[in-house]
Amino acid sequence: MNLPNKLTVLRLIMVPVFFLSYCISLLGSETAIVVSAVMMFITYAIAELSDLLDGKIARKYNLVTDLGKVMDPFADTLSHLTFFVCFMSRGIMPAWAFIIIMWREFSILFLRMLMMRAGKAMPANIWGKSKTVFYALTSILSIVYIVVSAFVAPGEWNGTCETVLYVFFALAALASLMSFITYLSAVFKSKALSGMTR
């Protein structure tokens, strides 16, 4: 297994660690909430750094593999959905936005498998890139909010921050939905799956 794939495996390991870090806060004590927030920040940072590095190293040193092509998007989906489940449980992500994003992610995984079977690549589009940016922004802002909340007393700032987060999650859901519609339209127009037996 090459270095980019090892970094992807590291990201997969960080996903359950992040979830367990979130669960520590459910103990309810002040210490547990602080420890949880710090651990969530650290595990999120490691996961995102490994995601950034694996792609760059794979492209720079021509280490792109078939395993990496499958494992990287799987790790992306698993990590984002885990982060968003925690944010939704915390009450800072609207459930409707999570449902849209979850449906999109599983649908894209299914569509990507069909395209790979047909020997075709998924076409890139601006909505897909926008989705990636909004996923990152919402995750970073949510982590920062959780960490600050662990150290700063509640106040009016909470409501303002949660409103801002709601807007960003709504934009993430919109970009997610539009990227799927654009992908689906491009696949149908290309007739890439027309030769598949039914």
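Residues numbered from 1 in each chain as written. Predicted model: local features only at pLDDT ≥ 70, side-chain atom pairs only at ≥ 80, totals over all residues. Heavy atoms only, no water.

The name an unreviewed UniProt entry assigns to the chain is CDP-diacylglycerol--glycerol-3-phosphate 3-phosphatidyltransferase, from the organism Candidatus Ornithospirochaeta stercoravium. Taken verbatim from the UniProt record of the chain, the Catalytic activity (unreviewed entry) comment is "a CDP-1,2-diacyl-sn-glycerol + sn-glycerol 3-phosphate = a 1,2-diacyl-sn-glycero-3-phospho-(1'-sn-glycero-3'-phosphate) + CMP + H(+)". (UniProt positions renumbered as here; feature names shortened; annotations may be inferred.)

Draft legend 1. Quick look at the overall build of the chain. Across its full length, the chain carries six helices and zero strands. Reading the helices (α) and strands (β) of the chain from amino to carboxyl end gives α-α-α-α-α-α. For 198 residues, the compact-globule estimate of 2.2 N^0.38 gives 16 Å, and the C-alpha radius of gyration of the chain, at 18 Å, lies within 12% of that figure. Viewed in the frame of its principal axes, the chain has a C-alpha envelope of about 60 × 35 × 30 Å. (Helix = DSSP H or I, 4+ residues; strand = E, 2+ residues; numbered from the N terminus. Rg over C-alpha atoms; globule rule 2.2 N^0.38 Å.)

Draft legend 2. Spatial organisation of the UniProt feature "transmembrane region" (unreviewed entry) in the chain. Mapped onto this numbering, the UniProt entry annotates "transmembrane region" (unreviewed entry) at residues 12-45, 91-111, 132-153 and 165-188. Overall, residues 12-45 shows 85% helix and 0% strand. The separation of its end C-alpha atoms is 13 Å. Spanning residues 132-153, this segment combines 91% helix with 0% strand, and its end C-alpha atoms are found 32 Å apart.

Draft legend 3. Up close: the environment of Gly68. With respect to the secondary-structure elements, Gly68 resides in helix α3 (residues 66-90). Gly68 gets classed as buried once you look at its relative accessible area, which sits at 13%. When the C-alpha atoms of Gly68 and Ser130 are compared, they prove to be 23 Å apart, with 62 residues separating the residues in sequence. Beyond its immediate chain neighbours, meaning those up to four positions away, Gly68 contacts Asn5 and Pro73. (Buried < 20%, exposed > 50% of the residue type's maximum accessible area, 1.4 Å probe, protein only. Contact = heavy atoms within 4.5 Å.)

Draft legend 4. Looking closely at the layout of surface pockets. Space inside the largest pocket adds up to approximately 1400 Å³. Breaking the lining of the largest pocket down by element, the ones donating at least two residues are α1 (3-24), α2 (30-60), α3, α4 (95-117) and α5 (126-151). The greatest single-element share of the lining of the largest pocket, amounting to nine residues, is contributed by α2. Of the residues contributing to the lining of the largest pocket, the split by class is 18 nonpolar, twelve polar and 14 charged. (1 Å grid on protein atoms, 1.4 Å probe; cavity = no way out; pocket = protein on both sides within 12 Å on 5 of 7 lines; lining within 4 Å. Points joined across faces, edges and corners; volume = space filled by probe spheres on them. Nonpolar A, V, L, I, M, F, W, Y, C, P; charged D, E, K, R; others polar.)

Draft legend 5. Inspection of the pattern of salt bridges at higher detail. For the coordinates displayed, the defined rule picks out five salt bridges. In this structure, Arg11 engages Asp51 in a salt bridge whose closest nitrogen and oxygen atoms are separated by 3.3 Å. Residue Arg11 is located in helix α1, and its partner Asp51 is located in helix α2; the two are separated by 40 residues in the primary sequence. Classification of Arg11 as buried rests on a relative accessible area of 1%. Residues joined by salt bridges that share partners form a network here, namely Arg11, Asp51, Asp54, Asp72 and Asp76. (Salt bridge = Lys/Arg side-chain N within 4 Å of Asp/Glu carboxyl O.)

Draft legend 6. Looking closely at α4. An ideal rise of 1.5 Å per residue puts 33 Å on 23 residues; α4 measures up with 33 Å between its terminal C-alpha atoms. Turning to α4, its buried residues are Ala97, Phe98, Ile101, Arg104, Glu105, Ile108, Leu109, Leu111 and Met115. On the buried face of α4, the contacting elements are α3, α5 and α6 (156-190). One or two positions beyond α4, positive phi appears at Gly119, with a value near 75°. (Expected span 1.5 Å × (residues − 1).)

Draft legend 7. Inspection of the nonpolar core at higher detail. Core analysis: the biggest nonpolar cluster contains 28 residues, and Phe18, Phe83, Phe84, Phe87, Met93, Ile101 and Phe169 have the highest contact counts within it. Among the elements of the structure, α1, α2, α3, α4, α5 and α6 are those that each provide at least two residues to this core. The element best represented in this core is α5, accounting for six residues. The contact partners of Phe83, leaving out residues within four places of it in the chain, are Phe18, Tyr44, Ala47, Glu48 and Ser139. (Core = buried A, V, L, I, M, F, W, Y, C linked by side-chain atoms within 4.5 Å.)

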